[in-house]
Structures are given as structure tokens and as C-alpha cells.
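Chain by chain, the residues run as shown.
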Amino acid sequence: MSGALDGVTVNELLAVMGARELKDNTTVFTGVGAPMMASGLAQRMHAPRLTMVIEGGIVGPRWKPGSLAISTNEMRAAYRAQMLTGITDAFLLAQRGFLDVGFIGGAQIDRYGNLNTTAIGGSYDRPKVRLPGSGGANDIISLCRSVIILTAHEPRRFVEKVDFVTSPGYLAGGDSRARCGLLFGGVSRVVTTLGLFGFEPASRRMRLEALHPGVSVDQVRARTPFELLVAERVETTAAPSAQELEILRALDPARQFIG
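What comes next is a walk through the structure. Fair warning: this is a prediction, and the values are worked out from it, not measured in the lab.

### Describing the overall build of the chain
- Assigned secondary structure in the chain consists of seven helices and 14 strands.
- Based on the C-alpha atoms only, the size of the chain along its principal axes is roughly 45 × 45 × 35 Å.
- Taken across its 259 residues, the chain has 51% of its residues classed as buried.
- On the chain, roughly 11,800 Å² of surface is accessible, and the fraction owed to carbon and sulfur atoms is 50%.
- Taken together, the 28 basic and 24 acidic charged side chains of the chain have centroids lying 2 Å from each other.

### Observations concerning helix α7 (residues 242-251)
- Among the residues making up α7, those that are buried are Glu-244, Leu-245, Ile-247, Leu-248 and Leu-251. Summarising the axial view, the buried residues of α7 lie within an arc of 160°, below the 170-degree limit, and thus occupy one face. Opposite the packed face of α7, turned more than 90 degrees from it, sit the exposed residues Ala-242 and Glu-246.
- Against α1 (10-20) and α2 (34-45) lie the buried residues of α7.

### So, the environment of Phe-29
- Relative to the elements of secondary structure, Phe-29 occurs in strand β1 (residues 27-30).
- A relative accessible area of 1% places Phe-29 in the buried class.
- Expressed as a C-alpha distance, the spacing of Phe-29 and Val-53, which sit 24 residues apart in the sequence, is 4.8 Å.
- Not counting residues up to four positions away in its chain, the partners in contact with Phe-29 are Val-53, Ile-54, Glu-55, Ala-90, Phe-91, Leu-99, Val-101, Gly-102, Phe-103, Ile-140 and Cys-144.

### A word on the side chain of Thr-192
- Locating Thr-192 in the fold gives a position in strand β11 (residues 187-192).
- With relative accessibility at 0%, the residue Thr-192 sits in the buried group.
- In this structure the side chain of Thr-192 is engaged in a polar contact, spanning 2.9 Å, whose partner is the backbone nitrogen of Leu-194.
- Residues contacting Thr-192, with those up to four places away along its chain left out, are Leu-14, Thr-151, His-153, Phe-158, Phe-197 and His-212.

### A short note on α1
- The element α1 is largely enclosed, with a buried count of eight among its eleven residues.
- Listed in full, the buried residues belonging to α1 are Glu-12, Leu-13, Leu-14, Ala-15, Val-16, Met-17, Gly-18 and Ala-19.
- Elements in contact with the buried residues of α1: α2, β5 (101-104), β10 (146-151), β11, β12 (195-199) and α7.

### Description of the environment of Leu-14
- With respect to the helices and strands, the residue Leu-14 is situated in helix α1.
- Along the sequence, Leu-14 and Thr-151 sit 137 residues apart, while their C-alpha atoms lie 7.4 Å from each other.
- When residues no more than four places from it in sequence are discounted, the contact partners of Leu-14 are Ala-34, Leu-150, Thr-151, Ala-152, Val-191, Thr-192 and Thr-193.

### Concerning the packing of α1 against α7
- Contact pair α1 / α7: the axes reach a minimum separation of 11 Å and the direction vectors enclose 110°. Compared by their axis directions, α1 and α7 come out roughly perpendicular. Seen along the crossing, α1 lies across α7 with a hand that is right-handed. Residues Glu-12, Ala-15, Val-16 and Arg-20 of α1 form the contact with α7, whose participating residues are Glu-244, Leu-245, Leu-248 and Arg-249.
- Looking at the contact of α1 with α7 residue by residue, the classes come out as four nonpolar, no polar and four charged.

### What about the nonpolar core?
- If you look at the biggest cluster of nonpolar residues, it comprises 36 residues, and the most contacted ones within it are Leu-22, Val-28, Met-37, Leu-50, Phe-103, Ile-148 and Val-191.
- Not counting the four nearest positions on each side in its chain, Val-28 is found in contact with Leu-22, Ser-39, Leu-50, Thr-51, Met-52, Val-53, Val-101 and Phe-103.
- Residues Phe-91, Val-187, Phe-199 and Met-206 belong to the second largest nonpolar core, which totals 33 residues.

Rules of the game
Residues numbered from 1 in each chain as written. Predicted model: local features only at pLDDT ≥ 70, side-chain atom pairs only at ≥ 80, totals over all residues. Heavy atoms only, no water. Helix = DSSP H or I, 4+ residues; strand = E, 2+ residues; numbered from the N terminus. Buried < 20%, exposed > 50% of the residue type's maximum accessible area, 1.4 Å probe, protein only. Areas by Shrake-Rupley, 256 points an atom, 1.4 Å probe, with all protein chains shown as cover. Lys, Arg positive; Asp, Glu negative; His and termini not counted. Charge placed at Lys NZ, Arg CZ, Asp CG, Glu CD. Arc of directions from axis to C-beta. Contact = heavy atoms within 4.5 Å. Polar contact = N/O pair within 3.5 Å; in protein donor to acceptor, adjacent residues only side chain to side chain. Axes fitted to C-alpha atoms, helices over the stretch in contact; angles between N-to-C directions. Parallel < 35°, antiparallel > 145°, perpendicular 65-115°, else oblique. Left-handed = near helix turned anticlockwise from the far one by under 90°. Nonpolar A, V, L, I, M, F, W, Y, C, P; charged D, E, K, R; others polar. Core = buried A, V, L, I, M, F, W, Y, C linked by side-chain atoms within 4.5 Å.

And the structure:
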């Protein structure tokens, strides 16, 4: 980071900006990494009644500093949880409409918010890069009432067309998501290391709505290979505050997730 964001890591920036998108009295389906940090920060800053759900089936934890979940041991995050259930039951909660927000990321994203975490280059059977695949990513983007994408802003990630649709955003734009049977939800916000993005209501094309301090529209366009819509009024986000960074760093003293 540079300028107003000196000393702030990429994951700290994503966690702070993601946390600000979360509201009190809602439920968030969160994964390991920046989404987890964002959820924990929101709960401590402005959303004390935010209910977190972890993919493995932990509902309503209050994470202890230094005891955040890792991919091989989610039970570390079960402190004061309201429910310990299985992964199937966690996704059934989403299917029944109980999860307000889902956090998700991907290796590729296009102008309609479609994500790829499956394969890059070549054919599906013989790709240049084989990625982990969906996991719960398709379920989250298909079933949660809204989805927030957290990602570094790089030309290799922002592409004209994803090589494989692991997680359907607005598909081909317009009403194509609904026509394919996904009757609610969708991507509400894309949070990157350069700014905040929404989607134009009619076309469902990605639209720049806010820049982080020290970032220009030209810089965003230079790192976005597809034609990007720009809102009539582009706001500037507030830099991460000393309090936000203090809480994040206390949650992750070993810096496993914030870098």
C-alpha cells in the first residue's frame, strides 16, 4: 500500500472494507481468511448482533483473539457458538433463506460477477491450471440473499470472460440469472484493494462506486481488462482507522490471515 495506506497489508485492507459492508442483526456465511477477519471486526466495531456461520457447521461463535479457525481445524472458532452442526445443515440454512450475506472470492471474476475457482486455460479436462473447485462457493453465491466478493485487484483476476463459471454472478447480465432459475440473491458488492464496486441495475455490469485513498479511476481501469462502468459520483473510502487495525491485529496476533 502507498500514501494514506502505508503500513496496511492487502488482507487488512480487504478485511476492514469488507467489515464495513456488514450490518447488525444479520447473518453472514464466512470462510477462512479475510472474510473471517472482516466478520470478527464488524462484530466488535458496529455489529455486535451479527451472527456468523462457518461452512463446517459452527453457528454464532464469538471468536477469541488468537483462536481463529484454520482450514484443518474449524473447531478453534467454536468459542461461545450457539450451534455445532454439520456442513449439510449449514447449507440447508442457506437454502431456507436464513443467511443474509455470503463472503466469497475467486481466481477470476468478470464484468457480471461470475467467479472461477475451477480451471484456467485450455479445456476443462486439460487446463493449464487446475484449481480447488467449488467447495461451497456455488451454494453460497446461489443461496445467500446477497454476496460480497473480496479480492485483490489484478489483471489476471479481472478478466473479460471467466474460463469456467464455478460461482454464478449475473451470468450474461440483465435478467439471465433469474432465467436460469436463481430467483433471488446475487453479488451486491465487490471489495478490492483499489475500491468498491456495485452492479448497474439493468445491465448488471460491474460499476466502480468508490476508490480507496490515493487510487485514481485511471489506475482502476488500467488493472481491469474489461470495460468498466463508473458511477456518476465516485466516493472515496476512509482509510482503515487505528481502532480497526488494532482490533484486527489483536484477533490475529500470529498474522496467519492479515499478513
